[in-house]
Amino acid sequence: RPFAKDPAVVRFGDRYLMYYSIPPFGDGRSPDGWAIGVAESRDLHNWSRIGELAPEYEYERNGFCAPGALVRDGVIHLFYQTYGNWRNDALCHASSRDGLHFERNATNPIFRPTGAWNCGRAIDADVIVDGERVLLFYATRDPAMEIQMLGVAEAPASSAFNRADWTQLGD
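Residues numbered from 1 in each chain as written. Predicted model: local features only at pLDDT ≥ 70, side-chain atom pairs only at ≥ 80, totals over all residues. Heavy atoms only, no water.

(A) View of the pattern of salt bridges. Inspection of the entire model under this criterion finds nine salt bridges. Here Asp-14 makes a salt bridge to Arg-42, at a shortest N to O gap of 2.7 Å. Taken as a pair, Asp-14 in the loop between strand 1 (5–12) and strand 2 (15–22) and Arg-42 in the loop between strand 3 (35–41) and strand 4 (48–53) lie far apart in primary sequence, 28 residues in all. Residues Asp-14 and Arg-42 agree in their burial class; the two are exposed. A salt bridge links Glu-40 to Arg-15, with the nearest nitrogen and oxygen atoms 2.7 Å apart. (Salt bridge = Lys/Arg side-chain N within 4 Å of Asp/Glu carboxyl O. Helix = DSSP H or I, 4+ residues; strand = E, 2+ residues; numbered from the N terminus. Buried < 20%, exposed > 50% of the residue type's maximum accessible area, 1.4 Å probe, protein only.)

Below is the structure:
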């Protein structure tokens, strides 16, 4: 379908890779949830679609999207959300040495917020390196699922980005 959103662009070697959300096809195929597309460019002006990530695990069954990406030591780290699980949507992690084929983190989902201030949902991942740590920004909602809010977690930049590596900031 001619629609995409949530782009995340990284420089990887001599090219740029863009990861983005693509909607369901809506034609009855299975699975048919939100997915992540991949495009490449050499000049940031001309883009070619080169792939799509397909669901591999039960937690991705309803869909997955809204990627955030970073490159560390020649590896692309993709942070993305599960989709269609409302309160139970959470953030996941996968890594790739070629930008197209991703290995899912064995501890997925790697993050969901805790505390009485939120409903436990985490969506719309974005990541930045801040010195010796990586900050993982996300959206969540209040316990009544009425007000959308932002949150942040941190992990050591040298970590494997496993579930145990993340610390929620604030409460």
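(B) Structural context of the sheet that holds strand 3. The antiparallel open sheet is built from four strands, whose spatial order is 1-2-3-4. Two strands bound the open sheet, and with one partner strand each, they are strand 1 and strand 4. Neighbour to neighbour, the strand axes of the sheet diverge by 25° on average, direction disregarded. Here strand 3 runs beside strand 4; their pairing, made up of five bridges, is antiparallel. Counted as the bridge partner of Val-38 is Gly-51 from strand 4. (Pairing = 2+ DSSP bridges. Axes fitted to C-alpha atoms, helices over the stretch in contact; angles between N-to-C directions.)

(C) Expanded view of the pairing of strand 3. In terms of residue burial, strand 3 counts as a mostly covered element, since six of its seven residues are buried. Two strands pair when backbone bridges link them, and strand 2 and strand 3 are joined in this way by seven bridges, in the antiparallel orientation. Its bridge partner being in strand 3, Ser-21 is matched across the sheet by Ile-36. The hairpin turn running from strand 3 into strand 4, its antiparallel successor, is six residues long, and Leu-44 in that turn takes a positive phi close to 70°.

(D) Just the state of the cysteines, in detail. Scanning the model with the defined rule gives zero disulfides in all. Left unpaired, Cys-65 is separated from the closest cysteine sulfur, that of Cys-92, by 11 Å. Assessed through its relative accessible area of 3%, Cys-65 is described here as buried. Residue Cys-92 is classed as buried on the basis of its relative accessible area, which comes to 0%. (Disulfide = S-S within 2.5 Å.)

(E) Inspection of the environment of Met-145 at higher detail. Looking at the secondary structure, you find Met-145 in the loop between strand 10 (133–141) and strand 11 (148–156). Given a relative accessible area of 10%, Met-145 falls into the buried group. When the C-alpha positions of Met-145 and Asn-118 are compared, they lie 8.3 Å apart, and in sequence the two are 27 residues distant. Apart from residues lying up to four places away in sequence, Met-145 is in contact with Trp-86, Arg-87, Cys-119 and Arg-121. (Contact = heavy atoms within 4.5 Å.)

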